Amino acid sequence: MIAHAAPNHRWHRRTPKEPRRRSVVSIVATTLLAVATVVAGSVVGGGLYYAGSVASTFNSTVTHIPRAFPPAATRPTPVSTGAMNILLIGSDSRGDPTTVGQSTESDQRSDTMMLVHIDADRKDVYIMSIMRDLWVPIPGKGTAKINAALAWGGTPLVIQTVEQLLQTHIDHVAIIDFQGLEGMTDALGGVDVDSPVGFTTVKKPHYTFVQGMNHLDGAQALAFARERYAFPTADYQRVANQQALLRAIVAKLLSRGTLTDPAAVTSFAGATGRYLSLDEQFDLPTMIGLAASMRLDGPSSIHAFTMPTAGTGTSPDGQSIVNVDEGSLPALRSALADDALGTFTSVH
């Protein structure tokens, strides 16, 4: 493969236990898919009015992406077990508009990428972070960092790239702007994040986070999720921090205090929808059906990990990159095909 230099976009220069009770609040499960999280469809109920309020708020703010998928002939067949894969793309627009759905070159940047795998029995969800600097083949473009795909060909090329890499079918795609983390966190009244390490953000206002529990408001949560310059391991630590933040959001949303407060859940749904784009097939009836099928047993049923890598290196054209762990890739592909990520994560 020929290593292509990525377009000169700014993104490139920055390289770098509750009893189970079914209810309409399970609509929020799909809202959390937007932040790479699925919650149980088994929470304290609030009646049809509650459901209508959440659904109406979410549906009135979310954007649907046209032409999100590549041609069917180029794609792997869906997993026959009934498992589902949702690709989450996090775009750090930093105030600039982020256009989605187009397949031409643009200024879009995928600073975060996660594959959300929902087991066929709907009892477990696996959230696999994919390093943005992972050096992979991009169809029609040669070999490059995986986050170049969004700029080169929009969501269709991102999906095609991930499907080719993992040899698995992507059922749905969601794009969320990092700015949405701030609104979602504030809508929940802040969250308690168990930080893997203590650090101070490099950029102002220089937030300091201790190792262990930190109560974060929206601005602090956004800074926590963005920071990478403070760490020797850079993006590796940033990915771990993002997973910690997502776990905190799940825990707060699943808490009795939130679930029994219709205003809080509706506010969260609205805050998420404003920063979220979904593929056209991922409409509200599909979301509700998925949420109603979930059989999770609280936050412990949600498992986050990072796609195994073989460390960092330098590309032929001098870029700092993350190498694919070719040794574990066949096992990962098989685990996705066989709906056996639990076994894979116990080994890797």
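All of the points below concern the structure found in this document.

Each value, and the rule that gives it
Numbers given for residues are sequential positions, taken from 1 along each chain in its written order. Totals for whole chains, interfaces and linings use every residue, but because this is a predicted model, local features are given only for residues with pLDDT of at least 70 and side-chain atom pairs only at 80 or more, for both listing and counting. The side-chain figures draw on all heavy atoms in the structure; neither hydrogens nor water molecules are used. For this analysis, a salt bridge means a side-chain nitrogen from Lys or Arg found within 4 Å of a carboxyl oxygen belonging to Asp or Glu. Each helix is a run of DSSP H or I of at least 4 residues and each strand a run of E of at least 2, with the numbering of both proceeding from the N terminus. The buried label goes to any residue with under 20% of its type's maximum accessible area, the exposed label to any with over 50%, and the partly exposed label to all in between, with areas taken from a 1.4 Å probe on protein chains only. Ring pairs shown here join Phe, Tyr and Trp side chains whose ring centres sit within 6.5 Å, with only the six-membered ring taken for Trp; geometry is labelled stacked below 30 degrees between planes, edge-to-face above 60, and tilted in between.

## Quick notes on the pattern of salt bridges
Here comes step 1: Within this structure, the stated rule accounts for 4 salt bridges.
Here comes step 2: A salt bridge links Arg-75 to Glu-163; its shortest N-O distance comes to 2.6 Å. Placement of the pair is Arg-75 in the loop between strand S1 (63-65) and strand S2 (84-91) and Glu-163 in helix H4 (residues 148-166), with a sequence separation of 88 residues. There is no split in this pair, since Arg-75 and Glu-163 are both buried.
Here comes step 3: Close ionic contact of Arg-132 with Asp-235 constitutes a salt bridge, the shortest N to O distance being 2.9 Å. One end of the pair, Arg-132, is in the loop between strand S4 (125-130) and strand S5 (135-138); the other, Asp-235, is in helix H7 (residues 235-254), and 103 residues separate them in sequence. Per residue, the accessibility class of Arg-132 equals that of Asp-235, and both read buried.

## Quick look at the packing of aromatic side chains
Here comes step 1: On inspection of all chains with the given rule, the structure shows 6 aromatic pairs.
Here comes step 2: Between the aromatic rings of Phe-199 and Phe-231, the centroid separation amounts to 4.7 Å while the plane-to-plane angle is 75 degrees, which identifies the pairing as edge-to-face. Residue Phe-199 is located in strand S9 (residues 199-200), and its partner Phe-231 is located in the loop between helix H6 (218-226) and H7; the two are separated by 32 residues in the primary sequence.
Here comes step 3: In this structure an aromatic cluster arises from ring pairing among Phe-199, Tyr-207, Phe-209, Phe-224 and Phe-231.

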